[in-house]
Amino acid sequence: MKLYLVRHGETDLNKRHILQGRTDSELNAYGRELAYLTAEGLKDVPFDIAFTSPLRRAKETAQIILGERQIPLVEELRIQEIGFGDFEGLCYLREDGNIPDKTFLNFFEKPEAYRTPPNGESLEAVIRRTGEFLNELLSAKEYADKTILVSTHGCALKAIFANVRQAPIAEFWGAGVHKNCAVSILETQGKAEKSVAILEEGIVFY
């Protein structure tokens, strides 16, 4: 099995440094351009099936990348973005932001100390649900020899990597959040179920 993981294209909220989370924002013109460039870069990949977060920005990214391929596109709640609860729609910039919790930037800078916003979702919960999705996929015999597209979000994508690497939450972000439309490639190794190698991480086609 080979998995192509992609972060969605740019949205206006990305551009304005606004927390999106579960907000169902759509791609902006530049985000669609990035998706079409990524589609060109992946045009020769023989995808058999695709899974997408149900949020529009991820689903549209998947649709653009798939192009004319007549394959299933399955909405999967477990790969939607982390929920920021009461903080969704707020700006997270250090100087001009309006998030009331002054420790919020621990989300990016010190994830082990991150405090979940009111009505939000913890990083541990995102790691758990994305891990359930990944393990289910890797255990499915019908997908053992398939090439699969997974269209998701910045934090949810890093949570998938956290499951692959089994790294402590302090190392959640690694080298940082992937760029919009960045592609990462995972491949199962040998006969060991759920044994996964990272072939590429965060490559872009623009």
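Just above sits the structure.
Anyway, here's the lowdown on the structure attached to this text.

### Regarding the overall build of the protein chain
Part 1: A count of helices and strands for the protein chain gives six helices and six strands.
Part 2: In the protein chain, the order of α-helices and β-strands from amino to carboxyl end is β-α-α-β-α-β-α-α-β-α-β-β.
Part 3: A compact globule built from 206 residues should have a C-alpha radius of gyration of about 17 Å, and the protein chain, at 17 Å, falls within 12% of that.
Part 4: In terms of principal-axis extent, the alpha carbons of the protein chain reach across some 50 × 40 × 25 Å.
Part 5: Split into buried and exposed, the 206 residues of the protein chain put 50% on the buried side.
Part 6: Taking as baseline every contact in the protein chain between residues at least 6 positions apart, the subset at least 24 positions apart corresponds to 69%.

### Considerations on the packing of helix 5 (residues 123-139) against helix 6 (residues 154-165)
Part 1: Running from amino to carboxyl end, helix 5 crosses helix 6 at an angle of 70°, the nearest separation of the two axes being 8 Å. Between helix 5 and helix 6, the crossing angle belongs to the class labelled roughly perpendicular. The chirality of how helix 5 crosses helix 6 is right-handed. Along the contact surface, helix 5 presents Leu-123, Val-126, Ile-127, Thr-130, Gly-131 and Leu-134, while helix 6 presents Cys-155, Ala-156, Ala-159, Ile-160, Ala-162, Asn-163 and Val-164.

### Focus on the packing of aromatic side chains
Part 1: Summed over the entire model, instances satisfying the criterion amount to 15 aromatic pairs.
Part 2: Ring geometry for Phe-51 against Tyr-143: centres 6.0 Å apart, planes inclined by 80°, an arrangement best described as edge-to-face. Of this pair, Phe-51 sits in strand 2 (residues 49-52) while Tyr-143 is found in the loop between helix 5 and strand 4 (147-152), placing the two residues 92 residues apart along the sequence.
Part 3: Both rings, one in Phe-87 and one in Phe-104, keep their centres 6.1 Å apart while their planes meet at 75°; by these two values the pair is edge-to-face. Placement of the pair is Phe-87 in the loop between strand 3 (73-75) and helix 4 (106-109) and Phe-104 in the loop between strand 3 and helix 4, with a sequence separation of 17 residues.

### A few points about the pattern of salt bridges
Part 1: Counted by the stated rule, this structure contains 13 salt bridges.
Part 2: Here Arg-56 makes a salt bridge to Asp-24, at a shortest N to O gap of 3.6 Å. Placement of the pair is Arg-56 in helix 3 (residues 56-66) and Asp-24 in the loop between helix 1 (12-15) and helix 2 (29-41), with a sequence separation of 32 residues.
Part 3: Taking the shortest distance from any N to any O, the salt bridge between Glu-75 and Lys-59 comes out at 2.6 Å.

### Observations regarding the pairing of strand 4
The side chains of a regular strand alternate, first on one face of the sheet and then on the other.
Part 1: Burial of strand 4 is extensive: six of the six residues sit out of reach of the surface.
Part 2: The alternating pattern of strand 4 places Thr-147, Leu-149 and Ser-151 and Ile-148, Val-150 and Thr-152 on opposite faces, both of which are buried.
Part 3: Bridging between strand 1 (residues 2-7) and strand 4 involves six bridges; their strand directions are parallel. Residue Val-6 lies in a different strand from strand 4, and its bridge partner there is Ser-151.
Part 4: Of the strand pairs in this sheet, strand 2 and strand 4 are connected by four bridges, and their pairing is parallel. Pairing of Ala-50 across the sheet is with Leu-149, part of strand 4.

About the thresholds
Residues numbered from 1 in each chain as written. Predicted model: local features only at pLDDT ≥ 70, side-chain atom pairs only at ≥ 80, totals over all residues. Heavy atoms only, no water. Helix = DSSP H or I, 4+ residues; strand = E, 2+ residues; numbered from the N terminus. Rg over C-alpha atoms; globule rule 2.2 N^0.38 Å. Buried < 20%, exposed > 50% of the residue type's maximum accessible area, 1.4 Å probe, protein only. Contact = heavy atoms within 4.5 Å. Axes fitted to C-alpha atoms, helices over the stretch in contact; angles between N-to-C directions. Parallel < 35°, antiparallel > 145°, perpendicular 65-115°, else oblique. Left-handed = near helix turned anticlockwise from the far one by under 90°. Phe/Tyr/Trp six-rings, centres within 6.5 Å; stacked < 30°, edge-to-face > 60°. Salt bridge = Lys/Arg side-chain N within 4 Å of Asp/Glu carboxyl O. Pairing = 2+ DSSP bridges.

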